[in-house]
Amino acid sequence: MKKLLLLAASVSTYYFFKTKKIKKQTKQSVVKSTNTFHIKNDNFDLTGEYIWTFYLGPIKQTSIHVFANDFIDYRMRGKAHSTNYRMHKVSYDSTKKKWIGKADDDVVYVLFFKVTQNANKQITIYKHKCASKGDEGIKEALDFAYPDDNATADHGWNIYSKKDTTEPQDILPLAGNFVSKQNQGTEATQNITISDSHIILSDKTYQKLTHHFGERRWVGQFKDDYLVMFYEDIADKTDETNKNVSLSLKHYTDMEKAYKSKHDEQTYIEFELVN
């Protein structure tokens, strides 16, 4: 009888501690969910199809956003790159004009909007693709700050026009004869004549291939020589007290490498307007 009582006590003690251990493990188990994030879900009332056309050398590319209340469809058309995906709305903050969405492959995107003077025909967009996916990507998107007006990362700010309306021309906001300032680590001064259609440098005339204001990049060609000019933010050139501009001038023989160059990777030299 004593053996039976001892056996029963041992079994009871075993199940007591096992149950207690299981309950403790269950309490520690945490499942991450977007419901744990502090997100805003303001009404997103932009609708319709908006287009931005740009060129990679002679190749025409068209970037398309189709807006709806709960999703944004994105399409890229062109020989250089094509894609098509839907971003489902996760959050929209109408105060910050910040929209966060997640695609079917769990890639997270954050978009910022600036309303232009032609609000019914154009919208300016900054779009960032998060490095992380899923909930981690949403956290990254929520932490992503409003980009500076002169930001060049992620292709910068770009103007999208409503379908069947005229797109604005991407004109280089810089023109004139410039000379590099002394004592900048260069062997000699450089003279450059700049216009939107062409640039004259070292007695060579480079004809414009493309200009992308969002990335502050102008690309021109002379025979097999591609000139890539990046520039820092252009202040108001009507101000006679401000005649300086910082430029990066690089030559490439490979057009693809020319277009893969990035604004923030360059070294800039200060030039002064001389006419």
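Below you will find a few notes about this structure. Because the structure is a prediction, the values reported are computed rather than measured.

Criteria and thresholds
- Residues numbered from 1 in each chain as written.
- Predicted model: local features only at pLDDT ≥ 70, side-chain atom pairs only at ≥ 80, totals over all residues.
- Heavy atoms only, no water.
- Pairing = 2+ DSSP bridges.
- Helix = DSSP H or I, 4+ residues; strand = E, 2+ residues; numbered from the N terminus.
- Axes fitted to C-alpha atoms, helices over the stretch in contact; angles between N-to-C directions.
- Contact = heavy atoms within 4.5 Å.
- Polar contact = N/O pair within 3.5 Å; in protein donor to acceptor, adjacent residues only side chain to side chain.
- Salt bridge = Lys/Arg side-chain N within 4 Å of Asp/Glu carboxyl O.
- Buried < 20%, exposed > 50% of the residue type's maximum accessible area, 1.4 Å probe, protein only.
- Arc of directions from axis to C-beta.

Taking strand neighbours around the barrel as the criterion, the 8 strands line up as E9-E10-E11-E12-E13-E14-E15-E16 in a closed arrangement whose pairing is antiparallel. The mean inter-strand angle of the sheet, taken between neighbouring strand axes irrespective of direction, is 35°. Note that strand E10 (residues 191-194) and strand E11 (residues 198-201) share 3 bridges and pair antiparallel. Opposite Ile192, over in E11, you have Leu201 as the bridge partner.

Secondary-structure assignment places Glu215 in the loop between strand E12 (204-212) and strand E13 (217-222). Separated by 49 residues in sequence, Glu215 and Asp264 have C-alpha atoms that sit 9.5 Å apart. Each residue touching Glu215, except ones within four places of it in the same chain, is listed here: Thr152, His155, Phe230, Lys262 and His263. Within the local environment of Glu215, its side chain forms a polar contact with the side chain of His155, the two groups lying 2.6 Å apart.

Attention now goes to the pattern of salt bridges. Taken as a whole and assessed by the stated rule, the structure comprises 11 salt bridges. Linking Asp42 and Lys40 is a salt bridge whose minimum nitrogen-to-oxygen distance equals 3.6 Å. Among the salt bridges present, the one from Arg217 reaches Glu215, with a minimum N-O distance of 2.9 Å. Glu215 gets classed as buried once you look at its relative accessible area, which sits at 5%. Each member of the salt-bridge network shares a partner with another, and the members are Lys40, Asp42 and Asp93.

It helps to recall that an α-helix has 3.6 residues per turn; residues three or four apart then point in one direction. Every buried residue of helix H2 (residues 134-143) is accounted for by Gly134, Asp135, Gly137, Ile138 and Ala141. One face of H2 carries all of its buried residues, which in axial projection span an arc of 155°. Buried residues in H2 make contact with strand E4 (83-93), strand E5 (98-103), strand E6 (107-115) and strand E7 (122-133).

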